[in-house]
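# Observations on the three-dimensional arrangement
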Amino acid sequence: MSYYEFFCPVKVIAGQAALEHLPYEFSSRAVERPMVVTDKGVRNAGLLDKVLAACEEGGMDITVVYDDVPADSSKQTVTAIAKEYRKQKCDGILAIGGGSPIDTAKAVNILVSEGGDDIAQYAGSGVLKRPLKPFFVIPTTAGTGSEVTNVAVIADTEKEVKLPFASSFMLPDAAVIDPRMTLTLPPQITAATGMDAMTHSVEAFTCLAKNPLSDAYAAAAIRKISNNLLKVMEKPDDAERRLELAQASTMAGIAFSNSMVGLVHALGHSLGAVCHLPHGLCMSLFLPYVLEYNLGQIREPLSELLLHLAGPEIYAMTPKSQRAEESIATIRKLRDDLHRHCGLPRTLQETGKVEKSQLDRIAQMTIDDGSIMFNPKEASLEDARAVLEKAWA
Amino acid sequence: MIRERLRPLASQAKRAYVQLMLDVVGRSLEAISEVDDQVRNEVTVLPDGFLFSMQVMPKGPALFMRKQRDGSLQYLGGSVAQRPDLSIQFKHLHHAFLVLSFQEKTAQSFANDRMLVDGDLGYAVRMTRVLNRLETFILPRLVASRAVKEYPDNLGLPEKVFSAARIYLKVAMNFVDTVRSS
Ligand SMILES: [Zn+2]
């Protein structure tokens, strides 16, 4: 008999004119002087202005903005932002962006709530024992799902280690999902982050900690991504389908934060660290090959996923014994289509940024990655190396 | 009425079993880390003096191991004053019992939120593999294939190293029967 836990206390505020709900949400937590944490990309794309305008119109002027979060956020960045928060006497945080601003804001919230200047002292899981300051998130990529995960990673650049933080107190009070925030996402990033959300769902549905509640979120997310990702590639300004992808990303985030991910993420984290490739691309590069590797252990759930990946007609037409293979073929076809649309690489070789001599190191890092714990098949160094070889060309 | 008198007995047996099995695991881990290349290979990346513990919350039975300079693991018993670098904590005595009586795989227990990791997750992954390797040595093949995700084909170690552990195990199995029958 199985056992599981499922937890997601984040209020999801999604759809048309969602941004305009921010002033009310702030006031419901008695926030009068929020600090915005974001990056230059968000500002330059005009997304920050949209948020500030929506708040201003609702009678709330936001004057404290930190827009300089780097792509890989560090301990120093967190300390600097926390200092500014205290100086400006803020009383809440609004993160706008992809994974990096959101992770940074989670860490800043720990410092400004618990005190001190060194975020490293709060690293680990279960360290926090009480709620933090009011915290809101607006995701601008449809992929990471960070708005509903209870983890953050911050680099300690002096010691050259990545500090992990895990606590349910780091979850935001609310996540605001507005189609305007992803409308201008460039094609390659749309494709890569969409494949990240797809991987979160597929791994949540096939790895060791799968459970009925996370399965429901994962399956629904896969259906939304399958129905909308290519359509958005064809027509990037389709706000309705953009919203579908953004919701799918949040649903996939809820799924994987409750059932964890597996070997695709272990390989992807390692490839990303060694070759500096975007996370979503790394996911897309490994997904079909890892599913093939795991096939013996995941035939049943993977067969079930064909319904959500390819739709009821193909599911019904495919003999039961072939459904798992067909699921993998459908994911491969999606990768081919994305490659045609925006050149998203399908193999390590196609990236042009990976050397064959680096594969050993990537394999070594893979078996030390925490995500490998929940992979349904126990992967050895040789297994990881073999999957990398298959993903090469 | 009879049930109520039996229940504490079962719980006592369970506690004793967990305590004994942690001791078996500690001693066996020390032995295996001196001779088995695969375990030594997993342990090499741990810093010298690295302190590892498995504990039952709250303040239940525990085991402590320290990484030696020669690359082996030294068993330090059930309590050490120092804070461990990596600790794996069972949320409840019964959860420890499920894992240590090989009814639930270690990775599955993590997946089921029955254990907490305090420390580097990468090291925890390695220690889980070490524990899996250990189980394949000290358990009869049939039981081991239930306790670990995959069972390796070649276990090339002298039998006598683990005969001691097997004796412990027989005693331990009696506890399982005691607990199950009550
Ligand atoms: Zn991911």
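Quick notes on the rules
- Residues numbered from 1 in each chain as written.
- Chains lettered and ligands numbered in written order.
- Predicted model: local features only at pLDDT ≥ 70, side-chain atom pairs only at ≥ 80, totals over all residues.
- Heavy atoms only, no water.
- Donors = N, O, S within 2.8 Å, 3.2 Å for Na, K, Ca; no water.
- Helix = DSSP H or I, 4+ residues; strand = E, 2+ residues; numbered from the N terminus.
- Contact = heavy atoms within 4.5 Å.
- Buried area = accessible area lost by both parts, 1.4 Å probe.
- Salt bridge = Lys/Arg side-chain N within 4 Å of Asp/Glu carboxyl O.
- Polar contact = N/O pair within 3.5 Å; in protein donor to acceptor, adjacent residues only side chain to side chain.
- Nonpolar A, V, L, I, M, F, W, Y, C, P; charged D, E, K, R; others polar.
- Pairing = 2+ DSSP bridges.
- Axes fitted to C-alpha atoms, helices over the stretch in contact; angles between N-to-C directions.
- Buried < 20%, exposed > 50% of the residue type's maximum accessible area, 1.4 Å probe, protein only.
- Domains from an automatic or database assignment.
- Phe/Tyr/Trp six-rings, centres within 6.5 Å; stacked < 30°, edge-to-face > 60°.
- Lys NZ or Arg CZ within 6 Å of the ring centre and 35° of its normal.
- Disulfide = S-S within 2.5 Å.
- Core = buried A, V, L, I, M, F, W, Y, C linked by side-chain atoms within 4.5 Å.
- Parallel < 35°, antiparallel > 145°, perpendicular 65-115°, else oblique.
- Left-handed = near helix turned anticlockwise from the far one by under 90°.

Residues and elements named next belong to chain A. Every protein donor of the zinc ion is accounted for by Asp196 (OD), His200 (NE2), His265 (NE2) and His279 (NE2), and the metal-donor separations fall at 2.1 to 2.2 Å. In the primary sequence, the donor residues of the zinc ion line up as D-x3-H-x64-H-x13-H. Residue Asp196 and its partner His200 are located together in helix 6 (residues 187-206), separated by 4 residues, close to a single helical turn.

Each partner contributes residues to the interface: chain B has 19 residues there, and chain A has 18 residues. Approximately 1,700 Å² of surface area, both sides summed, lies buried where chain B meets chain A, with 48% of it carried by carbon and sulfur atoms. Along the contact surface separating chain B from chain A lie 3 salt bridges. Arg126 of chain B is the salt-bridge partner of Asp368 of chain A, the closest N and O atoms lying 2.4 Å from each other. Linking chain B with chain A are 6 residue pairs in polar contact (both at pLDDT 80 or more), by the criterion used here. Considering every element that reaches the side of chain B that touches chain A, the biggest residue donor is helix 5 (residues 121-138) of chain B, with 8 residues. Across the side of chain B that touches chain A, the residue classes tally to 7 nonpolar, 5 polar and 7 charged.

Attention now moves to the sheet that holds strand 7 (residues 151-156) of chain A. All names here are of chain A. Read from one edge of the open sheet, 3 strands run 5-8-7, paired in mixed fashion. Each of the sheet's edge strands pairs with one partner strand only, and the pair in question is strand 5 (124-125) and strand 7. Where strand 5 lies against strand 8 (residues 161-166), 2 bridges are found, and the strand directions are parallel. Within strand 8, the residue paired with Gly124 across the bridge is Phe165. Running at roughly 90° to strand 7, helix 5 (residues 99-114) makes contact with strand 7 and strand 8 of the sheet.

Turning next to unusual backbone geometry. All names here are of chain B. A cis amide bond links Met57 to the next residue, Pro58, at an omega of -15°. With respect to the element layout, Pro58 can be found in the loop between strand 1 (51-56) and strand 2 (62-67). Within the chain, Phe102 stands out as a residue other than glycine whose phi angle is a positive 60°. On the secondary structure map, Phe102 appears in the loop between helix 3 (93-100) and helix 4 (106-111). Judged by relative accessible area, which is 2%, Phe102 ranks as buried.

Take the side chain of Ser74 of chain A next. Structurally, Ser74 of chain A can be placed in the loop between strand 3 (64-66) and helix 4 (75-87). Residue class for Ser74 of chain A comes out buried when judged on its relative accessible area of 10%.

Often, the extent of an interface is quoted as the loss of accessible area on bringing the components together. Residues and elements named next belong to chain A. What the domain assignment reports for chain A is domain 1 (11-180) and domain 2 (185-392). Taking the mean C-alpha position of each, domain 1 and domain 2 sit 27 Å from one another. If you look at the interface, domain 1 gives 13 residues, while domain 2 gives 17 residues. Across the domain 1 to domain 2 interface the summed buried area is about 1,200 Å²; carbon plus sulfur atoms make up 69%.

Moving on, we come to the packing of aromatic side chains. Residues and elements named next belong to chain A. With the rule as written, the count across this model stands at 4 aromatic pairs over all chains. With 5.7 Å between their ring centres and 15° between their planes, Phe6 and Tyr217 make a pair best called stacked. Here the residue Phe6 occupies a position in the segment before strand 1 (11-14), and Tyr217 occupies one in helix 7 (residues 212-234), the gap between them amounting to 211 residues. For Tyr217, a relative accessible area of 31% corresponds to the partly exposed category. Ring geometry for Phe26 against Phe136: centres 5.0 Å apart, planes inclined by 75°, an arrangement best described as edge-to-face. Here Phe26 is found in helix 1 (residues 22-28), whereas its partner Phe136 is found in strand 6 (residues 135-139), with 110 residues between them in sequence. Neither residue differs from the other here; Phe26 and Phe136 are each classed as buried. Positioned above the aromatic ring of Tyr315, the side-chain terminus of Arg323 is 4.0 Å from the ring centre.

This paragraph deals with the state of the cysteines. Per the counting criterion, the structure on display carries 0 disulfides over all chains. Cys55 of chain A provides the cysteine sulfur closest to Cys90 of chain A, a residue in no disulfide bond, and the two sulfurs are 14 Å apart.

Now for the nonpolar core. Leu271, Phe286 and Leu348 of chain A together with Val18 and Leu29 of chain B are the most contacted members of the largest nonpolar core, which has 116 residues in total. Considering each element in turn, this core owes the most residues, 15 residues, to helix 10 (residues 279-310) of chain A. Residues contacting Leu271 of chain A, with those up to four places away along its chain left out, are His276, Leu277, Cys282, Leu285, Phe286, Leu348, Val354 and Ile362 of chain A. Among the nonpolar cores identified, the runner-up in size contains 29 residues, and Cys90, Ala105, Val137 and Leu163 of chain A belong to it.

Between two packed helices, what matters for the description is the angle formed by their axes and the separation of those axes. Residues and elements named next belong to chain A. Look at helix 10 against helix 12 (residues 323-342): their axes get within 6 Å of each other, and the N-to-C directions meet at 110°. The orientation of helix 10 relative to helix 12 falls into the category roughly perpendicular. The crossing of helix 10 and helix 12 is right-handed. Along the lines of polarity and charge, the residues of the contact of helix 10 with helix 12 split into 14 nonpolar, 4 polar and 7 charged.

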